[in-house]
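Read off the chains here:
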Amino acid sequence: MKCIINGKIVLENQILENKVLVFDEKIIDITDKVPQECQVIDANGNYVCPGLIDIHIHGNMGKDVMNGDEESIFTISKSISRHGVTSFLPTTMTMDEESIKKALDTIIHLMNKDIEGARVLGAHLEGPFINVDYKGAQNPKFIVSPSYNLIEEYKDVIKVITYAPETDYNFEFTKKIRKNTNIVLSIGHSRAKFEEAKGAINLGAKNITHMFNGMSGLNHRDPGVVGAALTTDVFCEVIADEIHILKDLFPFILKNKGEDKIILITDSIEAGGLEPGEYSLGGQKVVVKDNQARLESGSLAGSVMPLNKMVYNFMNNTDLDIRRAIKLASINPAKSLNIDDKKGSLEIGKDADIAIFDKNINCYMTISNGKVIYKK
């Protein structure tokens, strides 16, 4: 049994001081005194927060999910734990079917296993069911129409599918996913008209992939995917690197979506954590310069910023305090994946997924299922 002392314990609705957080694999208690025979961790006045959950990440530290090997997942897992991330969805790219299935097979093998870093919750399938007109950094050669047959044998490992609903004839794929699986459908890389996007949402699509990026924009006569995102109850992924979205828009997003429906993600690629230079994404050349990752065509190709920095950026450009900002990368993604009964907040009985941050969201320790996986 372990306990954390001298920390500001960040709960969903309040911050507790002068309390002791007691845990093993689960959170046992929040109390006034250190229990006997308890291993003590001193937070040194820092914030004791729920561990962060990244539901959209392609790579880190020179490794890509599409490599399809365990070593790549291990490297990504260990690397992101340095930033307070305790669990994540390795995210695939639009590539050939064999490569996608190879990546999914690897993710299945590691899913919910006790590995050295952040825990693998399942997979996020980004593509190949997207619109070529809004492909972004996805390879157009491998884009196909939505196919339930392609994903059926992986329906238990895939937790999120990014797709373009306008390419889904009569919403047949949408209906079949909702009827036969618990997969979250997320609209992205889409040129859907407002009514098409709302049609998919009415049938059960509940997320928007990297809002504003790779989708039909807000127009006063056809509000597009952005309009549907702003006028319905969907969760919206946001890349808060101040590059994908102008930081001046963060208050607008917060005001219109509310803090309970924003999910901060990294969309990190293999260049994350490394120096500027040339890298790859889905077999395509990526150049990283000035903290921006771009294809040779100039298209943005994911990000290189860690999740704790995304949280800081969003907090720093809005009126959110640390308690409310942390929610955007903890309980909100947990709720979107329907795992908030186990993860996302520091409640008694939930998994002991904990991150210790300072006021600027710099990470000092990360704990996953009660095990210290990073210490500064």
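### Some remarks on helix H8 (residues 307-316)
Okay, step 1: Burial within H8 is extensive, with eight of its ten residues counted as buried.
Okay, step 2: Looking only at H8, the buried set comprises Leu-307, Asn-308, Met-310, Val-311, Tyr-312, Asn-313, Phe-314 and Met-315.

### Considering the pairing of strand E12 (residues 158-163)
Okay, step 1: Most of E12 is tucked away: five of the six residues are buried.
Okay, step 2: Judged from the four bridges that link them, strand E11 (residues 123-126) and E12 form a sheet pairing that is parallel. Residue pairing in the sheet places His-124 in a bridge with Val-160 of E12.
Okay, step 3: Bridging between E12 and strand E13 (residues 184-187) involves four bridges; their strand directions are parallel. When the sheet's bridge partners are listed, Tyr-163 is paired in E13 with Ile-187.
Okay, step 4: After leaving E12, the chain enters helix H4 (residues 172-180) and then returns to the sheet as E13, a path that is right-handed.

### Here's the deal with the environment of Ile-361
Okay, step 1: Tracing the sequence through the fold places Ile-361 in the loop between strand E20 (354-357) and strand E21 (363-368).
Okay, step 2: Its relative accessible area of 1% is what places Ile-361 among the buried residues.
Okay, step 3: Counting along the chain gives 319 residues from Ile-361 to Asp-42, while the straight-line C-alpha distance between them is 17 Å.

### Looking at the side chain of Ser-345
Okay, step 1: Among the secondary structure elements, Ser-345 is positioned in the loop between helix H10 (331-336) and E20.
Okay, step 2: Judged by its relative accessible area of 5%, Ser-345 is buried.
Okay, step 3: Of note is the side chain of Ser-345, whose polar atom sits 2.9 Å from the side chain of Glu-347.
Okay, step 4: Ignoring any residue separated from it by four or fewer positions in sequence, one finds Ser-345 in contact with Glu-12, Ile-27, Pro-50, Ile-331 and Lys-350.

### Considering the packing of helix H1 (residues 70-81) against helix H2 (residues 97-110)
Okay, step 1: Look at H1 against H2: their axes get within 9 Å of each other, and the N-to-C directions meet at 60 degrees. Considered as vectors, H1 and H2 are oriented oblique to each other. Our pair here, H1 against H2, has a crossing hand that is right-handed. Residues Glu-70, Ile-73 and Phe-74 of H1 lie in contact with H2, whose contacting residues are Thr-106, His-109 and Leu-110.
Okay, step 2: Residue composition of the contact of H1 with H2, grouped by class: three nonpolar, two polar and one charged.

### Here's the deal with the sheet that holds strand E16 (residues 262-264)
Okay, step 1: Pairing within the open sheet is parallel, and its six strands lie in the order E11-E12-E13-E14-E15-E16. The sheet terminates laterally at E11 and E16, the two strands that pair on one side only.

### So, the side chain of Thr-366
Okay, step 1: For Thr-366, the position within the fold is in strand E21.
Okay, step 2: A distance of 2.6 Å separates the side chain of Thr-366 from the backbone oxygen of Ser-81, its partner in a polar contact.
Okay, step 3: If we skip the residues at most four places from it in the chain, Thr-366 touches Ser-81, Gly-84, Val-85, Thr-86, Ile-354, Lys-371, Val-372, Ile-373 and Tyr-374.

### Structural notes on the packing of helix H5 (residues 194-202) against helix H6 (residues 224-231)
Okay, step 1: The N-to-C vectors of H5 and H6 enclose an angle of 45 degrees; their axes lie 7 Å apart at closest approach. With respect to each other, H5 and H6 are oriented oblique. Regarding H5 and H6, the two cross each other, and that crossing is right-handed. Contacts between H5 and H6 involve Phe-194, Ala-197, Lys-198 and Ile-201 on the former and, on the latter, Gly-224, Val-225, Gly-227, Ala-228 and Thr-231.

Thresholds, definitions, all that
- Residues numbered from 1 in each chain as written.
- Predicted model: local features only at pLDDT ≥ 70, side-chain atom pairs only at ≥ 80, totals over all residues.
- Heavy atoms only, no water.
- Buried < 20%, exposed > 50% of the residue type's maximum accessible area, 1.4 Å probe, protein only.
- Helix = DSSP H or I, 4+ residues; strand = E, 2+ residues; numbered from the N terminus.
- Pairing = 2+ DSSP bridges.
- Right-handed = clockwise from strand over helix to strand, strands pointing away.
- Polar contact = N/O pair within 3.5 Å; in protein donor to acceptor, adjacent residues only side chain to side chain.
- Contact = heavy atoms within 4.5 Å.
- Axes fitted to C-alpha atoms, helices over the stretch in contact; angles between N-to-C directions.
- Parallel < 35°, antiparallel > 145°, perpendicular 65-115°, else oblique.
- Left-handed = near helix turned anticlockwise from the far one by under 90°.
- Nonpolar A, V, L, I, M, F, W, Y, C, P; charged D, E, K, R; others polar.

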